[in-house]
Amino acid sequence: MTYSGAVKVGGAADVHELADLMISKVAVGPMNNNAYLLRCRATGEQLLIDAAAEAATLLNLIGDDGIASVVTTHRHGDHWGALQEVVAATGARTYAGAHDAEGIPVATDVLVADGDTVRVGRVELTARHLVGHTPGSIALIYDDPHGHPHVFTGDCLFPGGVGNTWGDPQAFASLIDDVRTKLFGQLPDEAWVYPGHGDDTTLGAERPHLDEWRERGW
């Protein structure tokens, strides 16, 4: 089956099968959040990005093998609504951006800074600190040695623009600068983007619109 990244709440997960990593995307909760289960094909170790809602759905996706860790992309409640229950059921280590952890009411075991490595089995993910949607939002980049990069952006980048900064011009400038420098400035057009809500995109599809986004201010 060809991966599309189009999922809906109550529907099946969509699975992106890469050479070394399997990525399962599922939509959960009243805000149609995306959660991503990453599985190292060599070791079977699993990592969950955003235990957003519907713990039963997430635990069913995780299955009997459990997870080693959960990464929360940022402090907003719709991205950690099922975190406590998932951690209680799996014993997973928790990761979050160093500047957002205090806003997440489940203890963070590992504080993540820009450039830090997060591992799932033999696969390495690189964290990028993106300031503006929240003070400590992080994106995770898997630079696939067999293909193009894969980027989990939380609520910092979507098809059609960067994340919400609620009319704060300073926060918007910070976010679009960080996204432009740390994502578009370092990764190729083929980089696949997995956002915190909605459909996937690529950096190539969005790159031509960066100046438009800056001009409109949101």
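Residues numbered from 1 in each chain as written. Predicted model: local features only at pLDDT ≥ 70, side-chain atom pairs only at ≥ 80, totals over all residues. Heavy atoms only, no water.

**Q** What's the story with the nonpolar core in this structure? I'm lost.
**A** In globular proteins that are soluble, nonpolar side chains generally tend to be buried together. Counting residues in hydrophobic clusters, the biggest one holds 22 residues, and the most contacted among them are L21, I23, L38, L47, L125, L140 and F152. When residues of this core are traced back to their parent elements, those giving at least two are β2 (21-28), β3 (33-40), β4 (46-49), β8 (117-120), β9 (123-129) and β10 (138-143). Look past the residues within four positions of L47 in its chain and what remains in contact with it is Y36, L37, L38, I67, S69, V71, V118, R119, V120 and L125. With 21 residues, the next largest nonpolar core counts A53, A55, A82 and A96 among its residues. (Core = buried A, V, L, I, M, F, W, Y, C linked by side-chain atoms within 4.5 Å. Buried < 20%, exposed > 50% of the residue type's maximum accessible area, 1.4 Å probe, protein only. Helix = DSSP H or I, 4+ residues; strand = E, 2+ residues; numbered from the N terminus. Contact = heavy atoms within 4.5 Å.)

**Q** Can you walk me through the sheet that holds β8 in this structure?
**A** Strand pairing within a sheet occurs via backbone hydrogen bonds; the two strands may be parallel or antiparallel. Strand order across the open sheet formed by 6 strands is β8-β9-β10-β11-β14-β15, with mixed pairing between neighbours. Each edge of the open sheet carries a strand with a single partner, namely β8 and β15 (201-202). (Pairing = 2+ DSSP bridges.)

**Q** I'm lost on the pattern of salt bridges in this one. Help?
**A** Side-chain pairs of opposite charge can arise where the charged atoms are in close proximity. Summed over the entire model, instances satisfying the criterion amount to 11 salt bridges. With a closest N to O distance of 3.8 Å, E102 and R75 form a salt bridge. Taken together, the residues E102 in the loop between β6 (93-97) and β7 (110-112) and R75 in the loop between β5 (69-72) and α2 (83-90) connect sequence positions 27 residues apart. Because the salt bridges share partners, they merge into one network encompassing R75, D100 and E102. (Salt bridge = Lys/Arg side-chain N within 4 Å of Asp/Glu carboxyl O.)

**Q** Help me understand the sheet that holds β7 in this model?
**A** Strands sit in the order β1-β2-β3-β4-β5-β6-β7 across an open sheet of 7 strands; the sheet is mixed. At either margin of the open sheet sits one strand with a lone partner, and together these are β1 (14-17) and β7. Sheet twist, expressed as the mean angle between neighbouring strand axes with direction ignored, is 20°. Pairing of β1 with β2, which is carried by 4 bridges, proceeds in the antiparallel orientation. If you follow E17 over to β2, its bridge partner there is M22. Those strands touched by helix α1 (residues 55-62) are β2, β3 and β4, and its axis lies near 160° from that of β2. Sheet strands in contact with α2 are β4, β5 and β6, and its direction is about 165° off that of β5. (Axes fitted to C-alpha atoms, helices over the stretch in contact; angles between N-to-C directions.)

**Q** Would you explain unusual backbone geometry in this entry?
**A** Across the chain, the bulk of peptide bonds are trans and the bulk of non-glycine residues have phi less than zero. Phi is positive for N32, which is not a glycine, with a value near 50°. If you trace the backbone, N32 turns up in the loop between β2 and β3.

**Q** Honestly, empty space enclosed by the protein in this entry has me stumped. Any pointers?
**A** Gaps left between atoms are located by rolling a probe of water-molecule size over the structure's atoms. All told, the structure shown has 1 cavity of 30 Å³ or more when counted by the stated rule. Counted as a void, the largest cavity has a volume near 30 Å³. Taken together, N34, Y36, I49, D50, T73, F152, G154, Y194, P195 and G196 make up the lining of the largest cavity. The set of elements that each furnish at least two residues to the lining of the largest cavity consists of β3, β11 (149-154) and β14 (192-195). Partitioning the lining of the largest cavity into residue classes produces 5 nonpolar, 4 polar and 1 charged. (1 Å grid on protein atoms, 1.4 Å probe; cavity = no way out; pocket = protein on both sides within 12 Å on 5 of 7 lines; lining within 4 Å. Points joined across faces, edges and corners; volume = space filled by probe spheres on them. Nonpolar A, V, L, I, M, F, W, Y, C, P; charged D, E, K, R; others polar.)

**Q** What should I look at first to understand the environment of A82 in this one?
**A** Tracing the backbone shows A82 in the loop between β5 and α2. When its relative accessible area of 3% is taken as the criterion, A82 is described as buried.

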